[in-house]
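Now for the letters of each chain:
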Amino acid sequence: LCIEKKKNAIKRGARIYCELLGAESINEAEHATRMDLTGAKNAKMLNRLLKNINRTAEDVSYYCAHGTGTRYNDLAECRIISHLYDDINKRPPMGSVKPIYGHLFGGAGILNVAASALMIYNQTLCPTINIETIDPECDFDHVQEGARKTKVKSIVSMAHAIGSQSAMVAIGEVN
């Protein structure tokens, strides 16, 4: 990824895919190999991120989850988002690009951001492929039907690593 000041990108005639709105990271110190299963600690980080970029949960068009396809990680990520939305019908779509590209370990987070930038640029959400059974606690719109053309103003990309290290990056349309 190339991150630079907007005025410099415009000056050199660069194609601008999105705007970096902000980022946050934490180490939950919860467990050696899994996240806080309540989602509360990451929800606090997400709230802090949204506050720092002057956005609300309703401003998020899509959550690009870390989405390892493991019970505990996926459940924890769903619980993170559930903390922010009282009404299940107000939750934006949440999906993962990992079923498409695989798990790149240290590169997984940056691929999430790159894929999210393309979703904003193309105004199309990529599908979360190969979902067969959705856990009732993960009752989100997972964009299962295939690529979805829609208005995508902002995305929060999430990354979670072994040792309870988590990061979130918010990106948005270029203004």
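Residues numbered from 1 in each chain as written. Predicted model: local features only at pLDDT ≥ 70, side-chain atom pairs only at ≥ 80, totals over all residues. Heavy atoms only, no water.

A separate point is the overall build of the protein. Looking only at helices and strands, the protein has 5 helices and 7 strands in total. Taking 2.2 N^0.38 as the reference for a compact globule, 175 residues should give roughly 16 Å; the C-alpha atoms of the protein span a radius of gyration of 15 Å, in line with that estimate. Scored against the burial criterion, the 175 residues of the protein give a buried share of 42%. Considering only contacts in the protein between residues 6 or more positions apart, those separated by 24 or more positions represent 73%. Of the roughly 9,500 Å² of accessible surface on the protein, 52% is carried by carbon and sulfur atoms. Across the protein, the centroid of the 21 positively charged side chains sits 10 Å from that of the 19 negatively charged ones. (Helix = DSSP H or I, 4+ residues; strand = E, 2+ residues; numbered from the N terminus. Rg over C-alpha atoms; globule rule 2.2 N^0.38 Å. Buried < 20%, exposed > 50% of the residue type's maximum accessible area, 1.4 Å probe, protein only. Contact = heavy atoms within 4.5 Å. Areas by Shrake-Rupley, 256 points an atom, 1.4 Å probe, with all protein chains shown as cover. Lys, Arg positive; Asp, Glu negative; His and termini not counted. Charge placed at Lys NZ, Arg CZ, Asp CG, Glu CD.)

We now examine empty space enclosed by the protein. Summed over the entire model, instances satisfying the criterion amount to 2 cavities of 30 Å³ or more. Around the largest cavity, the lining residues are Leu-21, Leu-50, Ile-53, Arg-55, Asp-59, Val-60, Ser-154, Ile-155, Val-156, Ala-170 and Ile-171. Contributing elements (two or more residues each) for the lining of the largest cavity: strand 6 (154-161) and strand 7 (165-172). By residue number, the principal contributor to the lining of the largest cavity is strand 6, which donates 3 residues. Here the residues of the lining of the largest cavity sort into 8 nonpolar, 1 polar and 2 charged. (1 Å grid on protein atoms, 1.4 Å probe; cavity = no way out; pocket = protein on both sides within 12 Å on 5 of 7 lines; lining within 4 Å. Points joined across faces, edges and corners; volume = space filled by probe spheres on them. Nonpolar A, V, L, I, M, F, W, Y, C, P; charged D, E, K, R; others polar.)

Before going further, it helps to spend a moment on the environment of Asn-73. Inspection of the secondary structure puts Asn-73 in helix 3 (residues 71-82). Taking relative accessible area as the criterion, Asn-73 reaches 10% and is therefore assigned buried. In terms of polar contacts, Asn-73 uses its side chain to reach the side chain of Thr-68, at 3.4 Å. (Polar contact = N/O pair within 3.5 Å; in protein donor to acceptor, adjacent residues only side chain to side chain.)

This paragraph deals with the sheet that holds strand 7. Strand order in this open sheet of 5 strands is 1-7-6-2-3, and the pairing throughout is mixed. Looking along the sheet, the strands with just one partner apiece sit at the ends: strand 1 (19-27) and strand 3 (94-95). Bridge analysis of strand 6 against strand 7 gives 8 bridges, and the strand direction is antiparallel. Each residue of the ladder has a partner; that of Ser-157, found in strand 7, is Val-169. Each of strand 2 (62-64), strand 6 and strand 7 touches helix 5 (residues 108-122); the most contacted strand, strand 6, lies at about 170 degrees to it. (Pairing = 2+ DSSP bridges. Axes fitted to C-alpha atoms, helices over the stretch in contact; angles between N-to-C directions.)

Counted according to the given criterion, the structure contains 2 aromatic pairs. Seen from their ring centres, Tyr-17 and Tyr-121 are 4.7 Å apart, and the 55 degrees between their planes marks the pair as tilted. Highlighted residues: Tyr-17 in the loop between helix 1 (6-11) and strand 1 and Tyr-121 in helix 5, separated in sequence by 104 residues. Of the residues examined, Tyr-121 reaches a relative accessible area of 37% and is grouped as partly exposed. Between Tyr-63 and Tyr-85, the aromatic rings sit 6.3 Å apart at their centres with planes inclined by 85 degrees, giving edge-to-face as the arrangement. You can see Tyr-63 sitting in strand 2 and its partner Tyr-85 sitting in the loop between helix 3 and strand 3, a full 22 residues away along the chain. With respect to burial, Tyr-63 and Tyr-85 carry one shared label: buried. A cation over a ring is seen here: Arg-91 above Phe-140, with NZ or CZ 4.4 Å from the ring centre. (Phe/Tyr/Trp six-rings, centres within 6.5 Å; stacked < 30°, edge-to-face > 60°. Lys NZ or Arg CZ within 6 Å of the ring centre and 35° of its normal.)

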